[in-house]
Protein chains: 2
Amino acid sequence: MSARQYAALPDPFVMHRGGMLRGARIAYESWGTLSPAKDNAILLFTGLSPSAHAAHSAADPSPGWWETMLGPGLAIDTQRHFVVAVNSLGSCFGSTGPASPDPATGEPYRLSFPVLSVEDIARGGMEVLRSLGIARARTVIGASLGGMVVLAFAAQFPGASHGLVSISGSAASSPFAIALRSLQREAILRDPAWREGRYARDAPPRTGLALARKLGTITYRSAGEWAQRFGRERVAARDRADDAFTGEFQVEGYLEAQATRFIDSFDANCYLYLSRAMDRFEVGALPRGCVGRALVIGVETDILFPLDEQRGIAALLERAGVGTQLVAMPSIEGHDAFLVDIPRFSAAIGEFLHIS
Amino acid sequence: MSARQYAALPDPFVMHRGGMLRGARIAYESWGTLSPAKDNAILLFTGLSPSAHAAHSAADPSPGWWETMLGPGLAIDTQRHFVVAVNSLGSCFGSTGPASPDPATGEPYRLSFPVLSVEDIARGGMEVLRSLGIARARTVIGASLGGMVVLAFAAQFPGASHGLVSISGSAASSPFAIALRSLQREAILRDPAWREGRYARDAPPRTGLALARKLGTITYRSAGEWAQRFGRERVAARDRADDAFTGEFQVEGYLEAQATRFIDSFDANCYLYLSRAMDRFEVGALPRGCVGRALVIGVETDILFPLDEQRGIAALLERAGVGTQLVAMPSIEGHDAFLVDIPRFSAAIGEFLHIS
């Protein structure tokens, strides 16, 4: 069962850094009811890898990636708001991306997909709103890559949202984050199975994707959380060889499980495009009053999008005349805290939406 | 020109976790003059990848990896001390390791090398002292892996050194550090050129080694240093393609240069053995009075061997009745600060050695 809906993009859709797409579309899911005045919409952008399935619904009862945050009576309250989550342009869960067929050839775009920018992803979300007849969102929300996207949204579409929530995002990728993402991409590029992007659907560059995902997982969490969660526990002796070079500690088993789930769900070329878009993103000064008010959330243990960057985002919004609240979460879960430390994030986001 | 000397290990040399080596040796270099009472020796253990060439000498005038720390009138003053730096057992710069010929077959050990432990590396250093007729070192010093080795040394050979200097070391690898090292090893293991360890000398698993070294380099430094040093500077436009997925930012060029230097100098199997030994290291309670006094140095920006672990090392020494000084360096260079922030490290180490 799928709750996936589609919005057609303008045809042609001219990309931010050049090139264009024909017949492109954005996949999205929605919850709640749009008010007659169409003034209760929340637009949600995701991180690099999730689909638009943020929560279950009648049409798709499987739990979503923000299941405990979004629903009736939850922080993002679907009894009050009409919530629209979009799958990023360039991704592989229904929106047009490198794995989608190029209508000119009938073959997947692969590396012929034009250069993707965070600005294109923001515009994809804006086009979904337009397709629903919504001129102005109540709030745009995004975490991680999504936290970049909401800034690109505010820069490109001033006035198109009243509120903005940026969670563990970035206004310009740091060289540290670039180095890590570049290494993740290189792991894919160097996998012989990548074949310059021409891998078959059932023969993806599994090794490269596994290494990339494991490195991602390491940087999404924190050393302190893992010390508590895994310590130096070993996997059961029957499941490991004394002379093996991996697979001895429980933390290694955890990484393996994360990688296994990722390999067969995410497209390698889409990963390359989205990851590079994050590196290149650098928002300039925001238009004055681009949004009415903003909430910027960062996490003290986030090594990938550290608290200093969140302070920078808040300062950027303040300089544009946007009343901004900065919340520094003491969560131990690092960059991924928004997916795990639901009590803290619910409180902050719920309060912001309640008074918006 | 080489300043390399060799000490034969006891034959057979029984390894800490079982197995034995025949005809094994440790490569070392030395500076200064051993006093008639043989009481001025400093024993220096290295990190994972350096050789024993810590500084230049008449026999080898090329600069060493701690060139500005070790020499006449420097913090580790070779006019006062007889300094011995050892190449770790299991490494590939003269000491016996997986790349060395197995005397039983004449072929390199490769994966038939017995499991290597940090304790074996410590004993290798002790055997060098014995071969020189030195019963007791003035001070043992080690950074990173070397910081683990000095703890293993104190645990195994109580009374064999008066002083101990542990720099950015660990008493038990954290799951975060294990995860990173496991991923580095996996990058090598998954490289088809690794061939289960049976690669030819001139055809090493270059891709795996490059990925491992790049990841190492990322974790050896700090996000703050790179923000200052590289920012978001691009490499020259002529040297990059707009549609490439790597090589756009200067930080990526820096990583590439680091990897290139490493690939053809370090043996992949040695890397696997040394890296796994670090994961498995976990020193228990130290013998009472195992050393006379200790200096533990940590760096605030070190994400790999963080300050909390340095506090743990100091506590371990204190519990063994060892008067211990803990120094927390504010250096921005992360784990590698001991190689870069020479003024701060010179001051702390020089003072400790002066009053030892």
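As the structure is a computational prediction, the values presented were derived from the model and not from experiment.

Draft legend 1. Structural detail: the overall build of chain A. Per the secondary structure count, chain A includes 10 helices and 12 strands. The C-alpha atoms of chain A give a radius of gyration of 20 Å, which matches the 21 Å a tight globule of 356 residues would have. Dimensions of chain A, computed from the C-alpha atoms along their principal axes, are close to 65 × 50 × 40 Å. At a minimum sequence separation of 6, the contacts of chain A that also span at least 24 residues come to 71%.

Draft legend 2. Layout of the environment of leucine 209 of chain A. Residue and element names in this part refer to chain A. Locating leucine 209 in the fold gives a position in helix 4 (residues 206-220). Taking the C-beta count within 10 Å as the criterion, leucine 209 has 25 such neighbours and is therefore assigned buried. Taking C-alpha positions, leucine 209 is 7.5 Å from alanine 259, a pair spaced 50 residues apart along the chain. Every residue in contact with leucine 209, bar those within four places of it in the chain, is listed here: Ile188, Pro204, Phe262, Ile263, Phe266 and Ala268.

Draft legend 3. Up close: the packing of helix 4 of chain A against helix 6 (residues 250-263) of chain A. All names here are of chain A. Close contact between helix 4 and helix 6 brings their axes to 8 Å; oriented N to C, the two are set at 125°. In terms of orientation, helix 4 and helix 6 fall into the oblique class. Judged by the sense of rotation from one axis to the other, the crossing of helix 4 with helix 6 is right-handed. Of the residues in helix 6, those in contact with Arg206, Leu209, Ala210, Arg213, Lys214 and Thr217 of helix 4 are Leu255, Gln258, Ala259, Phe262 and Ile263. Of the residues belonging to the contact of helix 4 with helix 6, the class tally is 6 nonpolar, 2 polar and 3 charged.

Draft legend 4. Structural context of the nonpolar core. In terms of nonpolar packing, the biggest core is built from 235 residues, with Val84 and Val149 of chain A together with Val84 and Val149 of chain B touching the most fellow members. Among all residues touching valine 149 of chain B, those that are not within four sequence positions of it are Phe45, Val118, Ile121, Ala122 and Gly142 of chain B.

Draft legend 5. Region of the structure containing the interface of chain B and chain A. Taken together, the contacts link 41 residues of chain B with 41 residues of chain A. Considering each element in turn, the side of chain B that touches chain A owes the most residues, 11 residues, to helix 3 (residues 175-189) of chain B. Residues that form the side of chain B that touches chain A fall into these classes: 25 nonpolar, 5 polar and 11 charged.

Draft legend 6. How the structure looks around the sheet that holds strand 10 (residues 161-167) of chain B. All names here are of chain B. Strand order in the open sheet formed by 8 strands is 1-4-8-5-9-10-11-12, and the pairing between neighbours is mixed. Since the sheet does not close on itself, it has two edges, and those belong to strand 1 (5-8) and strand 12 (323-329), each with one partner. Shown here is a sheet whose adjacent strand axes are inclined to one another by a mean of 20°, direction ignored. Inspection of the sheet shows strand 11 (residues 293-299) paired to strand 12 by 7 bridges, in the parallel sense.

Draft legend 7. View of the domain arrangement of chain A. All names here are of chain A. Splitting chain A by domain gives domain 1 (5-173 + 281-355) and domain 2 (177-276). The interface is formed by 23 residues belonging to domain 1 together with 17 residues belonging to domain 2. Split by residue class, the side of domain 1 that touches domain 2 holds 11 nonpolar, 9 polar and 3 charged.

The rules we used
- Residues numbered from 1 in each chain as written.
- Chains lettered and ligands numbered in written order.
- Predicted model: local features only at pLDDT ≥ 70, side-chain atom pairs only at ≥ 80, totals over all residues.
- Helix = DSSP H or I, 4+ residues; strand = E, 2+ residues; numbered from the N terminus.
- Rg over C-alpha atoms; globule rule 2.2 N^0.38 Å.
- Contact = placed C-beta atoms within 7 Å.
- Buried ≥ 20, exposed ≤ 12 C-beta atoms within 10 Å, placed from the backbone.
- Axes fitted to C-alpha atoms, helices over the stretch in contact; angles between N-to-C directions.
- Parallel < 35°, antiparallel > 145°, perpendicular 65-115°, else oblique.
- Left-handed = near helix turned anticlockwise from the far one by under 90°.
- Nonpolar A, V, L, I, M, F, W, Y, C, P; charged D, E, K, R; others polar.
- Core = buried A, V, L, I, M, F, W, Y, C linked by C-beta atoms within 7 Å.
- Pairing = 2+ DSSP bridges.
- Domains from an automatic or database assignment.

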